[in-house]
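Chain by chain, the residues:
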Amino acid sequence: MATTNISITVNGRQHDLLVDEKETLLEVLRDRFDLTGTKNACSYGACGACTVVADNEAVKSCLLKPEKYNGKNILTIEGLADGNNLHPIQDAFIKAGAIQCGFCTPGFVMSLYALFTNNLDASDDEIKAVLEKHICRCTGYEFIWDAAKLAQKMLKER
Ligand code: FES
Ligand code: FES
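Model, not experiment: these values are computed from the prediction. (Residues numbered from 1 in each chain as written. Chains lettered and ligands numbered in written order. Predicted model: local features only at pLDDT ≥ 70, side-chain atom pairs only at ≥ 80, totals over all residues. Heavy atoms only, no water.)

1. Here's the deal with the domain arrangement of the chain
For interface size, the figure often reported is the accessible area lost on association. When cut into domains, the chain gives domain 1 (3-79) and domain 2 (88-157). Computed over C-alpha atoms only, the centres of domain 1 and domain 2 are separated by 21 Å. Across the boundary between the two partners, domain 1 contributes 18 residues, which contact 14 residues of domain 2. Buried surface at the junction of domain 1 and domain 2, summed over both partners, amounts to about 1300 Å²; 66% is from carbon and sulfur atoms. Summed over the shared surface of domain 1 and domain 2, the result is zero salt bridges. Across the contact surface, domain 1 and domain 2 share three residue pairs in polar contact (both at pLDDT 80 or more). Where the side of domain 1 that touches domain 2 is concerned, the elements lending two or more residues are strand E3 (51-54) and strand E4 (57-60). (Domains from an automatic or database assignment. Contact = heavy atoms within 4.5 Å. Buried area = accessible area lost by both parts, 1.4 Å probe. Salt bridge = Lys/Arg side-chain N within 4 Å of Asp/Glu carboxyl O. Polar contact = N/O pair within 3.5 Å; in protein donor to acceptor, adjacent residues only side chain to side chain. Helix = DSSP H or I, 4+ residues; strand = E, 2+ residues; numbered from the N terminus.)

Below, the structure is given as structure tokens:
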């Protein structure tokens with residue numbers, strides 16, 4: 001079994017570790033670092049539940065080899081809040097009623113975080129293009145849309 005040494009920074013903490021060629025970034029985050037906020041639903045890139053932010057880009061961690069992220073910064077849902085203060089995007093999801101079981105929520109939040117970090121003036125079409133990469137089985141997309149727009153407003157007012 002081939003293994004590789006990598007160094008990655010996750011939520012501001014740097015880690016050196018040995019990964020095997022079959023491991024995904026998602027498995028490293030969940031199984032090695034116990035960051036179980038990043039979810040595994042489909043395992044093949046279709047649902048967006050496993051989305052994390054790598055150097056300000058939203059990526060589906062179930063598809064990715066961790067060695068690709070050697071030397072990079074990974075942000076997961078656990079790294080978003082500031083102490084007891086939720087990030088505005090998390091707050092917006094609660095305020096808009098966009099969470100039921102919550103399984104899909106970290107993925108939506110991380111994708112919107114990447115979008116708004118790169119372009120807080122994202123158009124409605126750009127926001128929709130991001131949301132379309134995710135599947136929610138229970139909330140209904142209107143509430144999620146409301147949450148995305150509220151998050152954009154809250155971030156602008158911050
Ligand atoms: S678990 Fe990665 S896209 Fe579904
Ligand atoms: S809130 Fe349950 S899958 Fe989206």
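So much for the structure itself; the text now carries on.
2. Thoughts on the packing of aromatic side chains
Geometrically, a pair of aromatic rings is defined through the distance of the ring centres and the angle of the planes. For the coordinates displayed, the defined rule picks out one aromatic pair. Geometrically, the ring pair formed by Phe93 and Phe108 is tilted, given 6.5 Å between the ring centres and 40° between the ring planes. Within this pair, whereas Phe93 is found in helix H2 (residues 88-95), its partner Phe108 is found in helix H3 (residues 105-118), the two being separated by 15 residues in sequence. The residues Phe93 and Phe108 share a single accessibility class, namely buried. Its end group placed over the ring of Trp145, Lys128 keeps NZ or CZ at 5.3 Å from the ring centre. (Phe/Tyr/Trp six-rings, centres within 6.5 Å; stacked < 30°, edge-to-face > 60°. Buried < 20%, exposed > 50% of the residue type's maximum accessible area, 1.4 Å probe, protein only. Lys NZ or Arg CZ within 6 Å of the ring centre and 35° of its normal.)

3. Describing the side chain of Thr139
One can find Thr139 in the loop between helix H4 (124-131) and helix H5 (141-157). A polar contact is formed between the side chain of Thr139 and the backbone oxygen of Ala98, at a distance of 3.4 Å. Side-chain polar atoms of Thr139 contact the backbone nitrogen of Gln100, separated by 3.3 Å. Filtering out sequence-adjacent residues up to four positions away, Thr139 remains in contact with Gly97, Ala98, Ile99, Gln100 and Ile144.

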